[in-house]
Amino acid sequence: MRAKMIRSWQKRNIQVETLECRRMMAGDVEYAESLTATTGFQIQWCTQQDDVRFKVTSESTGWVGIGFNDSPRMPQSDVILLTGEGNVLDAFATRRGDPAPDSSQDITLIKSSQENGVTTVEFSRAIDTGDALGDYPLNSAQYILWAYQFSSDSFMAEHTDRGSSATPFNLSMAGACREITPTFPAVSISDVSRSEGDSGTTNFTFAVTLSEAPPQAATITYSTKDGTAIAGSDYEATTGTLNFPVGSALTKNVVVAVSGDTDFEPTETFSVELSGPSNLTIADAEAIGTIQNDDSASLPALSIGDVDIIEGDAGTTVAQTVVTLSAASDETVTVDYTTADETALAGEDYVAKTGTLTFAPGQTSATIEVVINGDTTLEVDEIMEVQLSNPVRATIAHSVSDIVILNDDLAPKPTLSIADVDIIEGDSGTTVAQTVVTLSAASNEAVTVDYTTADETAIAGEDYVANTGTLIFAPGQTSATIEVMINGDTTLEVDEIMEVQLSNPVGATIAHSVSDIVILNDEPLAGRPWHNVSNALDVSGDGVVVPLDALLVINWLNEADSTALAEPSGETAPPPYVDVNGDGFASPIDALWVINYLNSNPVAVAAASPIAATTDNASATEQIFSTSFNSVKTSVDLTLVASAVQDRASTLAKDKVMAAWV
């Protein structure tokens, strides 16, 4: 007879007495067998010694049922009814009416839950309970029956949410349950290093962090422990428990108050230790709290030196910059460093680097190494920096090292050339002669060259102002000008020459090193004596140009030397007209004008084109000596011309005269 109902079992038409059943906490297992009865309903089982363990999963929120029978029928079935809220009923299905509770409740509930519309129940039952009135032994082939519903209704009602397995199973022959060892999050605690402060307290915050979210609530205890720092004097002792509920943040903090003071003392330490984990494993059980002394004393000073290093053509070279401490310390000194670009670029010219340099007690120097990249590119020297910062137990006197990466790659250097200049001297004051220095090709670095003036026939201080200096070509520049001040006068004189000489080039070579600046006489020649304006070559004035005309000039020179020919007052100068070129002087040049003409015109007569006087004596000189004298075929005694050459003749003319006599 059915027992009196004392509690509703969440069924609209089923009310049964809920008997005391055994509950067992067990870990997760791997199930050996499974039956997917229908979509959204699964039964899994495995054996544990004399028991069979079951797991029923149903996409419903009402009740679930599982039964055993020799036939695939509900009547006369050994039935177990369950909910996700932990209600379990061991019953027997009669031919008529609802399942009746067994007098002996032989079910052990392991887990039950109802989340997101899914009911999950795990339980176990002995293979043979010995309850002959209610439980079938599970060691023979039997059909598995099942049923479920989304809400409370009659277990016996006719609906589609029930059925049986297609074939019978011998449940005792299932594979054994294999325990799944649970994994717990790992917990660790971080170190803290801070200055203590001069007064009050400073909070040292230690982060306690889980490796992953805990599947169930977890806890860990902590406590402080003395090192060189003493609780009560240097810091406040602290102990406690950190709780990590499901869904909480992965990091929680332990705060320790550190006492400030103004005593100069070594760095001190204490620790925070973790212990007693619950549902956690400990990855790092101890954190070190470092109390940095921040009180002034006679701290040593740090300085970093500059370095020059040749880059090399390939691979890498190591630049070593030395950091020195002005005096040894009795405690560890540290300083941070980092590289920084100037004209050299990280990743291209060198390898960027950052770190901390440590000086052990008593140590006064340490080295920072920077890797320099080699190349074969012609380039200017480049600079990068190593910068010091954040000193601990020291000050910084010099914080930056310049590492100069020296270019060692060669290329053809451009060449320097200086041009000649002709300039009219003027009658007074000064005139600026500009001689241009050119670079054969633009350079990507500055080019310099020294220059100085030098006398030839022109005299510094009398005819020009001496000048010395350095000419600079900026990168890309290909020409520059040197200026020389020329003194003007009204003295009738031959053209004079001075030089500008180049020397000591940097970044280039010299192709042409000397500029001849020809100071052109500009005193008027019109109306001067000793000049036959009808035909300057006809010295004798007899109407023809013959060797005699050259000899007349030579004879004059042998008697009177080269001299300026002053115009006699109130009279006309008689022949011979020895000033052939009209420069106001009788000189070997005048004889050579005639000789040159005769070389080209051996049968010359007076009808020859006259050579007019000109003030462009430099150009005229070049013209008159443009023909070689090696083929002279006259009776002119050239040795007489040679003997008449005087220092007062221009250097250009002298050189060409002598070349003609070799």
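Residues numbered from 1 in each chain as written. Predicted model: local features only at pLDDT ≥ 70, side-chain atom pairs only at ≥ 80, totals over all residues. Heavy atoms only, no water.

(A) Spatial organisation of the packing of aromatic side chains. Taken as a whole, this structure holds ten aromatic pairs when the rule is applied. Ring centres of phenylalanine 206 and phenylalanine 270 lie 5.9 Å apart, and the angle between their planes is 75 degrees; on these two criteria the pair is classed as edge-to-face. With phenylalanine 206 in strand S18 (residues 201–210) and phenylalanine 270 in strand S22 (residues 268–278), this pair connects stretches of sequence that are 64 residues apart. Each member of the pair, phenylalanine 206 as well as phenylalanine 270, carries the same accessibility label: buried. Considering the side-chain rings of tyrosine 235 and phenylalanine 270, the 4.4 Å spacing of their centres and the 15 degrees angle between planes classify their relative orientation as stacked. Taken together, the residues tyrosine 235 in the loop between strand S19 (218–226) and strand S20 (239–244) and phenylalanine 270 in strand S22 connect sequence positions 35 residues apart. (Phe/Tyr/Trp six-rings, centres within 6.5 Å; stacked < 30°, edge-to-face > 60°. Helix = DSSP H or I, 4+ residues; strand = E, 2+ residues; numbered from the N terminus. Buried < 20%, exposed > 50% of the residue type's maximum accessible area, 1.4 Å probe, protein only.)

(B) Expanded view of a negative patch on the surface. Taken together, the side chains of Asp306, Asp308, Asp381 and Glu445 present a region of like negative charge at the surface. Its location among the elements puts aspartate 308 in strand S26 (residues 307–310). (Patch = residues over 30% accessible without salt bridge, like charges linked within 9 Å, V, L, I, M, F, W, Y side chains within 5 Å. Areas by Shrake-Rupley, 256 points an atom, 1.4 Å probe, with all protein chains shown as cover. Salt bridge = Lys/Arg side-chain N within 4 Å of Asp/Glu carboxyl O. Lys, Arg positive; Asp, Glu negative; His and termini not counted. Charge placed at Lys NZ, Arg CZ, Asp CG, Glu CD.)

(C) Spatial organisation of helix H2 (residues 588–600). Taking 1.5 Å per residue, 13 residues should reach 18 Å; H2 reaches 19 Å between its end C-alpha atoms and fits that length. Taken across its 13 residues, H2 has twelve buried, putting it largely inside the fold. (Expected span 1.5 Å × (residues − 1).)

(D) Summary view of the sheet that holds S20. Ordered in space as S17-S24-S22-S19-S20, the five strands form an open sheet in which the pairing is mixed. Two strands bound the open sheet, and with one partner strand each, they are strand S17 (192–195) and S20. For this sheet the average axis-to-axis angle between neighbouring strands, irrespective of direction, equals 20 degrees. The sheet contact formed by S19 and S20 spans six bridges and is antiparallel. Its bridge partner being in S20, isoleucine 220 is matched across the sheet by leucine 242. (Pairing = 2+ DSSP bridges. Axes fitted to C-alpha atoms, helices over the stretch in contact; angles between N-to-C directions.)

(E) Local environment of the pairing of strand S24 (residues 286–292). The pairing of S17 with S24 spans four bridges and is parallel. Among the inter-strand pairings, serine 193 is bridged to a residue of S24, identified as threonine 290.

(F) Highlighting the environment of isoleucine 517. Of note, isoleucine 517 is situated in strand S42 (residues 514–520). Assessed through its relative accessible area of 0%, isoleucine 517 is described here as buried. In this structure, isoleucine 517 is in contact with Val421, Ile423, Ala433, Val484, Glu496, Ile497, Met498 and Val500, ignoring residues within four places of it in sequence. (Contact = heavy atoms within 4.5 Å.)

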